[in-house]
Amino acid sequence: VNRRRPEQYLNIVSHSHSVNQAFLASWASFMGSSPRGFPFLTEESPVSVELERALRKHTFEVTRESFQLESVYKFYKSSTYATTLTAFKVKSMSFDLLLSLAIMAYLLL
């Protein structure tokens, strides 16, 4: 029985088809330092521009399509990226009133 060790399978993709570690490291660094939240992703944002440039370099056809995000939340765009977004989803006031009434009824009985 001819058994192969797992480390022998690591060199399946090599030479010109191998993963370029420098390319991945530069993209990881860029994506880690760029805001990618929905309000910050415009057509002129650095992430959009660089992704389109990289795709045009390595693929045949690149098209950009815009869409509107339909949501119950309102997103505000900022001219600078030095913003902090804090959001909390809390129970409605009716829940607090109902819970208070239930506690009062329990204490009174």
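On a predicted model such as this, the values are computed, not experimentally measured, just so you know.

Helices and strands together make up the secondary structure of the protein chain, namely three helices and zero strands. When burial is assessed residue by residue, the protein chain has 9% of its 109 residues classed as buried. At a minimum sequence separation of 6, the contacts of the protein chain that also span at least 24 residues come to 41%. Only carbon and sulfur atoms are counted for the fraction: they give 60% of the accessible area of the protein chain, which is about 10800 Å².

So, about helix H2 (residues 46–58). Taking 1.5 Å as the rise per residue, H2 with 13 residues should run 18 Å; its terminal C-alpha atoms sit 18 Å apart, in good agreement. Val47, Ser48, Glu52 and Ala54 are the residues of H2 that are buried. Down the axis, H2 shows its buried residues gathered within 165° of arc, on one side only. Exposed positions of H2 whose direction lies more than 90 degrees from the buried face are Arg53 and Lys57. Buried residues in H2 make contact with helix H1 (21–33).

This brings us to the environment of Arg64. Along the polypeptide, Arg64 turns up in the loop between H2 and helix H3 (93–108). Overall, the relative accessible area of 36% leaves Arg64 in the partly exposed class. In the structure, Arg64 is positioned 21 residues away from Glu43 in sequence and 8.9 Å away in space, judged by C-alpha atoms. Other than its neighbours up to four places away in sequence, Arg64 contacts Glu43, Ser48, Val49 and Glu52.

This brings us to the packing of aromatic side chains. Applying the stated criterion to the full structure yields two aromatic pairs. Centroid distance Phe23 to Trp27: 6.3 Å. Interplanar angle 65°. Geometry classified as edge-to-face. Of this pair, Phe23 and Trp27 both sit in helix H1, separated by four residues, roughly a single helical turn. The partly exposed category is assigned to Phe23, whose relative accessible area is 37%. For Trp27, a relative accessible area of 18% corresponds to the buried category. Geometrically, the ring pair formed by Trp27 and Phe30 is edge-to-face, given 5.6 Å between the ring centres and 85° between the ring planes. Here Trp27 and its partner Phe30 are both found in helix H1, three residues apart, which amounts to about one turn of the helix.

Along the chain, the position of Ser48 falls in helix H2. Distance in space between the C-alpha atoms of Ser48 and Arg64 is 9.6 Å, their sequence separation being 16 residues. In contact with Ser48, not counting residues within four places along its chain, are Leu41, Thr42, Glu43 and Arg64. Side chain to side chain, Ser48 and Ser45 meet in a polar contact 3.0 Å long.

Cut-offs used in this document
- Residues numbered from 1 in each chain as written.
- Predicted model: local features only at pLDDT ≥ 70, side-chain atom pairs only at ≥ 80, totals over all residues.
- Heavy atoms only, no water.
- Helix = DSSP H or I, 4+ residues; strand = E, 2+ residues; numbered from the N terminus.
- Buried < 20%, exposed > 50% of the residue type's maximum accessible area, 1.4 Å probe, protein only.
- Contact = heavy atoms within 4.5 Å.
- Areas by Shrake-Rupley, 256 points an atom, 1.4 Å probe, with all protein chains shown as cover.
- Expected span 1.5 Å × (residues − 1).
- Arc of directions from axis to C-beta.
- Phe/Tyr/Trp six-rings, centres within 6.5 Å; stacked < 30°, edge-to-face > 60°.
- Polar contact = N/O pair within 3.5 Å; in protein donor to acceptor, adjacent residues only side chain to side chain.

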